[in-house]
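Spelled out, the chains give:
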Amino acid sequence: MVLRESAWGGLGSDAGNTSKKRKRGDIRKWTRAQLESVVQASEGELERGLRERNVVEIDGMSLFASELMIGRMLLLPVKKLVPLLNLALTLLTIHSSTTKGVTTSPVEPMLDGLAEHDLPKDLGRAVLDLFGSITEDVWEADTTRMVTEVGKGLLEELRGESQESNLFMYKWRETVGEQWSEICNFKLLEVGYSEFCQIFS
């Protein structure tokens, strides 16, 4: 994938320092227009593909110190997302309200809480937009997608190793927290039967 070299390194990392073999200045930071020029897809297909692969567009310049990042795309690897989404779900438990199945939270407390763990606010806002929608100063969270990506990240951490399904489910539920644990379901992971049998004993 063209964005792999500019992938995010995780909480507390320099977002650009993801490749030990390449110098920071050598890592290409794609814009949306550049991606559209090399990826053969309609605008709608590209948008869906970017969201499915957890790619965000950055509107600030804090991620690379003095480097301007406006309009640049950043890949958020699913395994690196687990601690971030764990934190976001914890903050959501504190600040959220749920009405008719819709979970919302004020944006600023979420961004402040993420920033306390070294996540720049421009990236924090992009993550909230990736896992929900922001209207004025209110974030409507897609908690099912957040929980799903945590599960996929935990699955990625296994890397071919097998594990008892009940132990995996326990870890998944512990990671997302009690309030969101009922969302956990193996069907969300989109794992085929044969692959499921290989992973889970």
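For clarity, every value in this text was computed on a predicted model and none was experimentally measured.

### Describing the overall build of the protein chain
In terms of helices and strands, the protein chain carries 8 helices and 6 strands. Going residue by residue from the N terminus, the α and β elements of the protein chain occur as α-α-β-β-α-β-β-α-α-β-β-α-α-α. Out of the 201 residues belonging to the protein chain, those deemed buried represent 41%. A sequence separation of at least 24 residues applies to 58% of the contacts in the protein chain between residues at least 6 apart. Roughly 11,300 Å² of accessible area belongs to the protein chain as shown, and the carbon and sulfur atoms make up 47% of that amount.

### Points about the packing of helix H4 (residues 107-115) against helix H5 (residues 121-130)
Following both chains from N to C, one finds H4 and H5 inclined at 125°, their axes separated by 9 Å at the closest point. On the basis of their axis angle, the class for H4 and H5 is oblique. Relative to H5, H4 is oriented so that their crossing is right-handed. Between H4, through Val107, Glu108, Met110, Leu111, Asp112, Leu114 and Ala115, and H5, the contact on the second element is made entirely by Lys121, Gly124, Arg125 and Leu128.

### Examining the side chain of Ser181
Looking at where Ser181 falls in the secondary structure, it is placed in the loop between helix H7 (165-176) and helix H8 (193-199). A distance of 3.0 Å separates a polar atom in the side chain of Ser181 from the backbone oxygen of Glu178. Residue contacts for Ser181: discarding those within four places in its chain leaves Arg173 and Val176.

### Some details on the packing of aromatic side chains
Here the structure, examined in full by the defined rule, presents 2 aromatic pairs. For the pair Phe168 and Trp172, a centre-to-centre distance of 6.0 Å together with 55° between the ring planes defines the contact as tilted. Remark: Trp172 and Phe168 occur in helix H7; sequence separation between them is 4 residues, near one turn of the helix. Between Phe168 and Phe186, the aromatic rings sit 6.1 Å apart at their centres with planes inclined by 25°, giving stacked as the arrangement. Highlighted residues: Phe168 in helix H7 and Phe186 in the loop between H7 and H8, separated in sequence by 18 residues. Here the aromatic residues Phe168, Trp172 and Phe186 are joined through ring pairs into a cluster of three or more.

What counts as what
Residues numbered from 1 in each chain as written. Predicted model: local features only at pLDDT ≥ 70, side-chain atom pairs only at ≥ 80, totals over all residues. Heavy atoms only, no water. Helix = DSSP H or I, 4+ residues; strand = E, 2+ residues; numbered from the N terminus. Buried < 20%, exposed > 50% of the residue type's maximum accessible area, 1.4 Å probe, protein only. Contact = heavy atoms within 4.5 Å. Areas by Shrake-Rupley, 256 points an atom, 1.4 Å probe, with all protein chains shown as cover. Axes fitted to C-alpha atoms, helices over the stretch in contact; angles between N-to-C directions. Parallel < 35°, antiparallel > 145°, perpendicular 65-115°, else oblique. Left-handed = near helix turned anticlockwise from the far one by under 90°. Polar contact = N/O pair within 3.5 Å; in protein donor to acceptor, adjacent residues only side chain to side chain. Phe/Tyr/Trp six-rings, centres within 6.5 Å; stacked < 30°, edge-to-face > 60°.

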